[in-house]
Amino acid sequence: MKKKLLLILIVYPLALLSQSRQDLEKKRLENEAEIRYTNELILSTEKNKKASYNKLLLIDSKISNRKEIINSIEKELEFINSNIIINEELIETLTTDLEKLKEEYARIVYYSYLSRNKATKIMFVLASENFNVAFKRIKYYKQYSDYRKKQALSIVNTKTKLSNELANLELLKQEKYNLLDDKKLENKKLLSEKQQKDKEVKLLSGKEKELKKKLKIQYDLSEKLKKEIQRIIEEEAKKAAELLKKKNNGLFQMTPDEMKLADVFQKNQNKLPWPTAYGTITGFYGEQPHPFLSGIKIRNDGIDISTNEGAIARSVYEGTVTSVFFMLGFHKTVIIRHGNYCTVYSNLKEVFVKQGDKVTTKQNIGVVYTESDSDHKTVLQFQIWKEKEKLNPVDWLAKVKNG
């Protein structure tokens, strides 16, 4: 019973470690792919040869991904160290068992040698008081012989298992050394990227006044966009209430089909496809400190997805286009309603849909606008709303971009 419990305690964590390590390795590969893509975007901004705020944001994104890779490696090392400890404990147990088996087998061989005379065995049986005792003595000799064979087999099996575990341990240790080398390399790359960021910050430091002015303009434009989205949502709620002949309480009054759609949309949290096939987040939801302007905070009602020139924006879920409008600073915006949820796609150069259109998941809805200024950036502004409440899109999109 004790050995069975030990086996369960060893095998179960090993299965978990294997699965967890696979997940970590997958995450590492995703982050590496993200860095490669970000490098491509940085190269496109460098054509202008000027200091670029967007380039700085891309470098920040790359640094963030690099830190995640290092974090994944550290977690992998933790799993390997745990695995090594488990293997070492198993080897110790097997070694102890093997010694005990050998000692027991030595005793069996010794007593077998003492009683090797067949005549002695026969006389021992014949000397029995009755038939039952004779039968028991015959049975004893057979069991003793079987036990000796079983002990010999156990020694062979334990030796084989011990050899396998020692080999596994050596492989784990080698893997650990390889990961430590990977970690050193990633730390070296991280240092290089931080130096790259410092260099870009230095180039931009002389443009503080200009950047603060741009940030103020961007903040005002974001406020206008937010108010327009709120106005459209309120208008839609009013129309829905009138259509269903219900009281307008500022919230969406929904048909049974719309309620079902909203329910399925909500269940797809963390699973929604990205609004662009490729891209990296360079502006996160909420309020954060500015990357290098001391004391300045920036606010985002959604996320900014930097992508390649000519990138297509697509619907993250099926729904109905409730509005298509133009606004200075954000170009064309499309709002799609999914029951009482709305997704917002801003900074589009072209739009392929119109108000009232039914769209499907991943349907192309427009082309993302590319700035012609020094940044030469292509950024989609993406938002998610539930009624009048803004939501963090990162909590809704799939962790892996699915093309």
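Draft legend 1. Representation of the side chain of Gln381 within the structure. With respect to the secondary-structure elements, Gln381 resides in strand E11 (residues 379-386). Engagement of the side chain of Gln381 in a polar contact is seen with the side chain of Asn300, the distance being 2.6 Å. The residues contacting Gln381, other than those within four sequence positions of it, are Asn300, Gly302, Ile303, Asp304, Phe330, Val344, Tyr345 and Ser346.

Draft legend 2. Inspection of the pattern of salt bridges at higher detail. Taken as a whole and assessed by the stated rule, the structure comprises 16 salt bridges. For Lys183, the salt bridge is made with Glu74, and the minimal N-O distance between the two is 3.2 Å. Taken together, the residues Lys183 in helix H4 (residues 131-204) and Glu74 in helix H2 (residues 53-114) connect sequence positions 109 residues apart. Glu74 gets classed as partly exposed once you look at its relative accessible area, which sits at 31%.

Draft legend 3. Here's a closer look at the environment of Gly250. Secondary-structure assignment places Gly250 in the loop between helix H5 (208-243) and helix H6 (256-267). In sequence terms Gly250 and Glu234 are 16 residues apart; their C-alpha atoms lie 6.1 Å from each other. Ignoring anything within four residues of it in the chain, the contact list for Gly250 reads Ala237 and Lys388.

Draft legend 4. Representation of the environment of Lys189 within the structure. Residue placement: Lys189 occurs in helix H4. Along the backbone, Lys189 and Arg66 are 123 residues apart, and their C-alpha atoms lie at a distance of 8.0 Å.

Rules and cut-offs
- Residues numbered from 1 in each chain as written.
- Predicted model: local features only at pLDDT ≥ 70, side-chain atom pairs only at ≥ 80, totals over all residues.
- Heavy atoms only, no water.
- Helix = DSSP H or I, 4+ residues; strand = E, 2+ residues; numbered from the N terminus.
- Polar contact = N/O pair within 3.5 Å; in protein donor to acceptor, adjacent residues only side chain to side chain.
- Contact = heavy atoms within 4.5 Å.
- Salt bridge = Lys/Arg side-chain N within 4 Å of Asp/Glu carboxyl O.
- Buried < 20%, exposed > 50% of the residue type's maximum accessible area, 1.4 Å probe, protein only.

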